[in-house]
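Here is how the chains run, residue by residue.
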Amino acid sequence: MSNLKEKFFRRGNEFLGSKVPVICGAMTWISEPRLVSAVCNAGAFASLAGGNCPPEILDASIEQTRGLTHAPFGVNLITISPAYPSQLEMLKRNPVPIVIFAGGLPRDSDIAMIKETGSKVMCFAPAAAVARRMLNSGADALILEGTEAGGHIGLVGLNVLIQEVLFEYDDALIFVGGGLATGRMCAHMLLMGAAGVQLGTRFAVAEESCAHHTFKQAMLRADARNAVSPSQFDDRLPVVPVRALKNDGLKRFGQLQLDLIGLLDQGHINVKEAQAQVENFWVGALRRAVQDGDVDNGSMMAGQSIGLVKKIEPVQNIIDELARDMEAEFQRVKKNLQA
């Protein structure tokens, strides 16, 4: 490892236990033992997606992953999931190197409990106020994820989060993600002070990803303009921000909102009933897309970096390319500064 690469990789690698400070973002139905272990064996870091997974199944996935890699890996927990409390209890009995809290603000007691097991804690920070709160609550590291990312997203772009948070906390361990796909861009995140980077969309179509072949092919055909976050048309019908590829399902979701607004205005339906229809529309849609390959009606979660994803390739190739291109960019910047 060159001196430049060692310098800019060191903090992230020491925290993650990796050789390259790259995190594969946790993706429901995709971040399972095979992909997680492949990423970790390739020298980067990944976590199992907790989602709504029953604790006994998540427990078994942890053991399966341990059988596939000796490298550190983590578990990503969604704090608003119904399974969250039981998942926490399971991780108390069966700790992993790193626990990542997502989906909402974890309680201080939850962070403390996980740290008492010896696990490190990472928290997402989609806004400056959340970053301050999580650092004060004991988070060991943050993940700044811009709205360019796929799946459930915040409302602030990564460029602004870098200025609001990364530049304000020089001593904090901060990883960044959202719209990243190339080693050259990742190098500049580290040059600006990030400890490492998080990518999701590129790993979703990796050879080791369990996603359906039809899902992967649809991803490869898409570009940045196809990865959108559906609009909320009425405050009475809250829509959780999610970035996914435009398809028939997304169009029908927009029409459903308009139809429900009309029914609400006419008094033919109450708000609770309308909200239930909005919430139920996407139930099972991600599984249908990822596992069944229903790319027309399922939820095709993807970030705006999708247009930079050109092929299905092994995880090792992705990690090696990212590391190589980061090193090349460090050298290019050094040469320019010395000119």
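In what follows, the structure referred to is the one given above.
Residues numbered from 1 in each chain as written. Predicted model: local features only at pLDDT ≥ 70, side-chain atom pairs only at ≥ 80, totals over all residues. Heavy atoms only, no water.

Looking at this structure, I do not really get the packing of aromatic side chains. What am I missing?
The description of an aromatic ring pair rests on the distance of the ring centres and on the angle between the ring planes. Summed over all chains, the structure comprises seven aromatic pairs. With a centroid separation of 6.0 Å and an interplanar angle of 45 degrees, the aromatic rings of Phe15 and Phe175 are classed as tilted. With Phe15 in helix α1 (residues 3-16) and Phe175 in strand β8 (residues 174-177), this pair connects stretches of sequence that are 160 residues apart. Looking at Phe15, the relative accessible area reads 8%, which means it is buried. Relative to Phe101, the ring of Tyr84 lies with its centre 6.3 Å away and its plane at 75 degrees, an arrangement referred to as edge-to-face. Highlighted residues: Tyr84 in helix α4 (residues 84-93) and Phe101 in strand β4 (residues 98-102), separated in sequence by 17 residues. The same class applies to Tyr84 and to Phe101, which are both buried. One aromatic cluster in this structure is built from Phe8, Phe9 and Phe330. (Phe/Tyr/Trp six-rings, centres within 6.5 Å; stacked < 30°, edge-to-face > 60°. Helix = DSSP H or I, 4+ residues; strand = E, 2+ residues; numbered from the N terminus. Buried < 20%, exposed > 50% of the residue type's maximum accessible area, 1.4 Å probe, protein only.)

Would you take a moment to explain helix α2 (residues 33-41) for this structure?
The α-helix advances 3.6 residues per turn, and as a result positions three or four apart in sequence lie on the same side. With seven of its nine residues buried, α2 lies for the most part within the structure. Taken residue by residue, α2 has Pro33, Leu35, Val36, Ser37, Ala38, Val39 and Cys40 as its buried positions. Backbone geometry just downstream of α2 places Gly43 in the positive-phi region, at approximately 105 degrees.

How should the pairing of β4 be read in this particular structure?
Across a regular strand the side chains alternate sides, sitting on one face of the sheet and then on the other. Of all five residues that make up β4, five are buried, and the element is covered over most of its length. For strand β3 (residues 74-78) and β4, the ladder comprises five bridges, and the chain directions are parallel. Within β4, the residue paired with Gly74 across the bridge is Ile98. Between β3 and its parallel partner β4, the chain crosses via α4, and the hand of that crossover is right-handed. Bridge count between β4 and strand β5 (residues 120-124): four bridges; the pairing is parallel. Opposite Phe101, over in β5, you have Cys123 as the bridge partner. In this region the chain leaves β4, passes through helix α5 (residues 108-116) and returns to the parallel neighbour β5; the handedness of that crossover is right-handed. (Pairing = 2+ DSSP bridges. Right-handed = clockwise from strand over helix to strand, strands pointing away.)

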